[in-house]
Amino acid sequence: MSEGMELNDDARTVSGLPVKVSYGPSDVDPESASTRLPGEAPYLRGAFAEGYRSKPWRIFQLSGFGNPEDEGERIRYLLEKGETGFIMEHDRMTADHLYDVDHPDVIARSEDVGLSGAVQLSARDTALVLEGIDQKKYYAHPGGAVVQHAPFALAAYWTVARRRGVDVSTLTGTGQSDYFLTYLGCITKQQIPARDGLKINCDIVDFCHKNVPKWVPISIAGYNGADTGLNAFQELGSVFACAIEHLDETIRRGRLRVEEIARCLGGVNFRVGMDFMEDIAKLRVARKMWHDLLVSRYGVTDPRALKLRIHVVTAGSSMTYQEPMNNIVRGTLMALASILGGVQSLGVSGYDEALSIPSEQAHHMSVRIQQILMHETNLAKVVDPLGGSYYLESLCGSLEERAWTFLSEIEAQGGFISTLDSGWLHARATENQFELEHALVTGKRELVAVNVHQGDGDPFAVDGFQGTVDAFDRATVRLQELRRTRDGRGAVQALRTLEEVCRRGDNLMPAMLEAVGADASLGEIGSVMREVYGDWKVPINF
Amino acid sequence: MEGSDQLLTPTVGATIRLGGAGKRVLVAKTSLDGHWRGVSVVARALRDAGFEVILLGMVTADEIAQAAIDEDADLIGLNVGGRIEVAERIVKTLRAEGFEGPIFAGGTIPPYAIRRLSELGVECYPPGSSLQSIVEAATRLTAAEEIR
C-alpha cells in the first residue's frame, strides 16, 4: 500500500490555523458580524444585498501572447465564449523593463519575445490588439501589472480610444500597478524604486478621478504575494498595509476627499488556492477589514466607499504539471470557493498553467467552468450561502485576528514599502515557500499525481501551448516603421516634457498621454523614467 | 531549517554565493521573467545538501558560459523561464566555450521542450519534481563528473 492511502492527520489550514474535528455554536462569537445580513456593514457576508441577482460576477481571464494580432484574436475568442471583460497581457520582457525590442538584453533572448503577452511598444501596437473590439462596450484591463509600466499601458489604451473618436471619460476598466508582482513576486532586472512607484500610482488615482471617473485606477492585488508564499492572513494584512500607503499618500496630497480615494482603491484582488474553507473565509474577512479600517482609522462613513469589490485569480501554483487535466477539477473547486466568498470578478487559471500560457482549449475550459457555476448550480441565487457555518465563522474570526496582527507588524517595520525595501516581506514569503516544499517531501502536504497516487502514464497528456515564433521579428519591423513614419520632432518634444514633469514631481499622466499620443516608444519612455527615478535596490540579505 | 529566514531574490545582476566547500553548482536564471520562487527554493535545497551554490542573476548565454569557466563549476542548473530555443542556445554556447560538465534544468518546461533538451543531454526537473529528486540528481551528476 502506498503512503498516499493513509489519511493526512495534520489538522491545520494551509496558513497553520489549528482545525478541530467539528465545530458548534460555542465556536462563534454571538456578537459576530456574521449575524448581519449581506449588504449590511461591516459587509462580512457580502458588499451587496442582492448579490449575483443584481450583478453576476465578471468573467475575466488573463490573456495574451505573440503578436498583437494573436492577442486580439484570443481576446475576441474569449469574448465570443462569454467572457464579460478582457485583459491584455503585454510581452513581459519589454513591458516589465520598459525596453524596446532592440534593447541588448532583449536581443540576447529574442525567442522569448511574445512568450506571455503581445509586444506593444507603441499605441499603434495596442491598436492592432484592439482591432474589432469595442472599447465602449467592454470593461478592460489593458495591462500595466508592473508599476513602472502602468502609465504607459493605460495611456496606450486611452490613446487608441481617442484616435477612434471615443470619449475616454466614458471608458470602464481597471489598472493594476501591482506592488506584490513588481517588488515581491516577480522582481525584474530593472525597476524604479518602490517609493517612487507610490508617487506614480497616486498620480494615476488623481488622474482617473478627474478624467476617467469610471475607471478603477489601480488594483491592490495580493495574488502575487500569495503565490510567492504569503499565507492567507499575511496576504490580508499586507494588502491592507499596501492600501494604507496609497490612502495616506493621496490624503497627504490634499486633492481628493478620503471617501473619493477609498472608492478609487476599493477594487482589490486576492488569490484563492486549494484550502477551500480558509480561502472563503479570507474573502469575507477582507470585506470586513476594509470597512473597519476605513471607519476606525479614516473616519469614512459613505457606504459606497466602505464596500470592497474583489477580483480573484485562482492559484496558478496549485495547478500541477503532472496529469494537467486534473487541474480542471482544481480550477472548479477554487472558482467555487471564490463564488461562495462573494467575489465580483473571477479568472480561473488554465489547466495547462504549469506547462505554458493557456492554450485556446484551456481558456475555453476556464470560461466554461465559470459559466457552469453561474448557470447550472443555483449558487448565484442566494448571497453568502455558507454564512452562519460554525466552522467558517470561527475561521473568519481567527484569520481576521491574525491579519490585523500581521498588519501591525508591517507598520512596526515602517509600513508596507519599508518591508519591501528591507526584504522583510520577502523573508516571510521564503519561510513559507520552504515549508510548503518540505511538506511535499515529508508527505504532510499531499498533491494527487505529484506525491500521492502518482500515475505511470497520463491518459490525457498535454504537450504545452507553443504560441508564435515571429513576434520578435515583426515587432522589430513595426518599431522601425514607427520611427520612420512618426513626427520625430513631436515625439522628442513630448519625451522632453515628460522628463521635465517627472523631475518636477508633477502628475506624470498628462505628459505620458502626450508622449504616447506622439508615438513615443515604450523604450524611449523607459529611458526617461530610468534617468529620472533610477533603480530599485533589490534587498539581498545573507 | 538552517537559513530559512534568510532571503534570496536571485533576479538582479548580482551573483550570490551560498554554502561552503562542497561540489560547486552554478544556478542561472535564463529569461527576463522575474519569478524567483522556484530557483530560490532549489538553490537553498542544494546548499542545505552541502553544495556550494553560485546563483547568477538574469544572465545571457555568453554570461553563463563565462561564469561556468571562471567559477570552475561542477554542475550547471538552468532555470528555464522562457522559450526552449533560448535554453538550447545556452547549452550549445556552454559546450562551444568548453564547458564539459553536466547540465540540468528546472522551471516551466513543457513536455516537448523536455524532449528537445534531453537530446542535448540535459536532465529536466519540471514543476512537481521533489527537492529530494533534484538534490539526488545533483549528487549523482557531480559524482559521475569525478569518475570521468
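Residues numbered from 1 in each chain as written. Chains lettered and ligands numbered in written order. Predicted model: local features only at pLDDT ≥ 70, side-chain atom pairs only at ≥ 80, totals over all residues. Heavy atoms only, no water.

Caption draft 1: Just the overall build of chain A, in detail. Within chain A, the regular secondary structure consists of 21 helices and eight strands. In terms of overall size, chain A behaves like a compact globule, its C-alpha atoms giving a radius of gyration of 23 Å where 542 residues would be expected to give roughly 24 Å. Along the longest, intermediate and shortest principal axes, the C-alpha atoms of chain A span 75 × 60 × 50 Å. Taken over 542 residues, chain A has a buried fraction of 62%. Split by element, the accessible area of chain A, about 20500 Å² in all, is 51% carbon and sulfur. Averaging the coordinates of the 55 positive side-chain charges in chain A and doing the same for the 74 negative ones gives two points 7 Å apart. (Helix = DSSP H or I, 4+ residues; strand = E, 2+ residues; numbered from the N terminus. Rg over C-alpha atoms; globule rule 2.2 N^0.38 Å. Buried < 20%, exposed > 50% of the residue type's maximum accessible area, 1.4 Å probe, protein only. Areas by Shrake-Rupley, 256 points an atom, 1.4 Å probe, with all protein chains shown as cover. Lys, Arg positive; Asp, Glu negative; His and termini not counted. Charge placed at Lys NZ, Arg CZ, Asp CG, Glu CD.)

Caption draft 2: Broad picture of the confidence of the model for chain B. On average, residues of chain B score 87 in pLDDT, and 87% of them reach the 70 mark or higher. Counting contacts from residues 1-12 of chain B, a segment whose pLDDT is below 50, to residues more than four positions away or on other chains yields 60 contacts. (pLDDT = per-residue confidence, 0-100. Contact = heavy atoms within 4.5 Å.)

Caption draft 3: Highlighting the nonpolar core. Residue and element names in this part refer to chain A. The biggest cluster of nonpolar side chains holds 214 residues, and the ones touching the most others in it are Phe86, Trp158, Tyr179, Phe240, Phe416 and Ile525. Considering every element that reaches this core, the biggest residue donor is helix 11 (residues 276-298), with 11 residues. Beyond its immediate chain neighbours, meaning those up to four positions away, Ile525 contacts Phe152, Leu495, Leu498, Met512, Ala515, Val516 and Ala520. (Core = buried A, V, L, I, M, F, W, Y, C linked by side-chain atoms within 4.5 Å.)

Caption draft 4: Inspection of unusual backbone geometry at higher detail. Residues and elements named next belong to chain A. Following Ala41, the chain continues into Pro42 via a peptide bond in cis, with omega recorded as 5°. Secondary-structure assignment places Pro42 in the segment before strand 1 (58-59). For Leu98, which is not a glycine, the phi torsion comes out positive at approximately 55°. Its place among the elements puts Leu98 in the loop between helix 2 (92-97) and helix 3 (104-107). Among the residues examined, Leu98 registers a relative accessible area of 1% and is labelled buried.

Caption draft 5: Seen up close, the confidence of the model for chain A. Confidence in the prediction for chain A averages 96 pLDDT; 98% of positions are at 70 or higher. This stretch, residues 1-5 of chain A, has a pLDDT under 50; its non-local contacts, to residues over four places away or in other chains, come to three contacts.

Caption draft 6: How the structure looks around the sheet that holds strand 4 (residues 75-80) of chain B. Residues and elements named next belong to chain B. Judged by pairing direction, the sheet is mixed, and its six strands sit side by side in the order 1-3-2-4-5-6 without closing on themselves. Each of the sheet's edge strands pairs with one partner strand only, and the pair in question is strand 1 (16-18) and strand 6 (123-125). Taking the axes of each pair of neighbouring strands and ignoring which way they run, one obtains an average angle of 20° across the sheet. Pairing analysis gives six bridges linking strand 2 (residues 24-29) to strand 3 (residues 52-58), with the strands arranged parallel. If you follow Val27 over to strand 3, its bridge partner there is Leu55. On top of the sheet, helix 1 (residues 37-48) reaches strand 1, strand 2, strand 3 and strand 4; it is set at about 160° to strand 3, its chief contact. This element, helix 2 (residues 61-70), spans strand 2, strand 3 and strand 4 of the sheet and lies at about 170° to strand 2. (Pairing = 2+ DSSP bridges. Axes fitted to C-alpha atoms, helices over the stretch in contact; angles between N-to-C directions.)

Caption draft 7: Representation of the packing of aromatic side chains in the model. In the structure shown here, the tally under the stated rule is 17 aromatic pairs over all chains. For the ring pair Phe65 of chain A and Phe465 of chain A, a centre distance of 5.0 Å and an interplane angle of 85° mean the geometry is edge-to-face. On the criterion of sequence distance, the pair formed by Phe65 of chain A in the loop between strand 1 and helix 1 (68-81) and Phe465 of chain A in the loop between helix 17 (424-442) and helix 18 (471-485) is long-range, its members being 400 residues apart. Phe65 of chain A sits in the buried class, given a relative accessible area of 8%. On the numbers, 6.1 Å between centres and 70° between planes, the contact of Tyr179 of chain A with Phe416 of chain A is edge-to-face. One end of the pair, Tyr179 of chain A, is in helix 6 (residues 179-185); the other, Phe416 of chain A, is in helix 16 (residues 416-422), with 237 residues separating them in the sequence. In textbook terms, an aromatic cluster arises when at least three aromatic residues are bridged by ring pairs, as seen for Phe86, Tyr138, Tyr157, Trp158, Phe207 and Trp215 of chain A. In this arrangement the basic side chain of Lys20 of chain A is found over the ring face of Tyr23 of chain A, its NZ or CZ atom lying 5.3 Å from the centre. Here Arg44 of chain B stacks its cationic end above the ring of Phe434 of chain A, 4.4 Å away from the centre of that ring. (Phe/Tyr/Trp six-rings, centres within 6.5 Å; stacked < 30°, edge-to-face > 60°. Lys NZ or Arg CZ within 6 Å of the ring centre and 35° of its normal.)

Caption draft 8: Just the interface of chain B and chain A, in detail. Listed by partner, the interface residues are 47 residues for chain B and 52 residues for chain A. Summed over both partners, the interface of chain B with chain A buries about 4300 Å², with 60% contributed by carbon and sulfur atoms. With a closest N to O distance of 2.5 Å, Arg89 of chain B and Glu111 of chain A form a salt bridge. Secondary structure elements with two or more residues in the side of chain B that touches chain A: strand 1, helix 1, helix 3 (84-96), helix 4 (111-119) and helix 5 (131-147) of chain B. Of the residues belonging to the side of chain B that touches chain A, the class tally is 22 nonpolar, 16 polar and nine charged. (Buried area = accessible area lost by both parts, 1.4 Å probe. Salt bridge = Lys/Arg side-chain N within 4 Å of Asp/Glu carboxyl O. Nonpolar A, V, L, I, M, F, W, Y, C, P; charged D, E, K, R; others polar.)

Caption draft 9: View of the environment of Ile525 of chain A. Secondary-structure assignment places Ile525 of chain A in helix 21 (residues 522-533). Ile525 of chain A gets classed as buried once you look at its relative accessible area, which sits at 1%.

Caption draft 10: Up close: the environment of Arg164 of chain A. All names here are of chain A. With respect to the element layout, Arg164 can be found in the loop between helix 5 (150-163) and strand 4 (173-174). Along the chain, Arg164 and Ala127 lie 37 residues apart, while their C-alpha atoms are 9.5 Å from each other. For Arg164, the residues in contact, after removing those within four places along its chain, are Leu130, Glu131, Gly132, Ile133 and Gln135. One polar contact links Arg164 to Gln135, side chain to side chain, over a distance of 3.0 Å. (Polar contact = N/O pair within 3.5 Å; in protein donor to acceptor, adjacent residues only side chain to side chain.)

Caption draft 11: Region of the structure containing the sheet that holds strand 1 of chain A. Residues and elements named next belong to chain A. Taken in spatial order, the four strands line up as 1-8-7-6 in an open sheet, and their pairing is parallel. Each of the sheet's edge strands pairs with one partner strand only, and the pair in question is strand 1 and strand 6 (267-272). As paired strands, strand 1 and strand 8 (residues 345-347) are joined by two bridges and run parallel to one another. In the sheet register, Ile59 faces strand 8, and the bridge partner there is Leu346.

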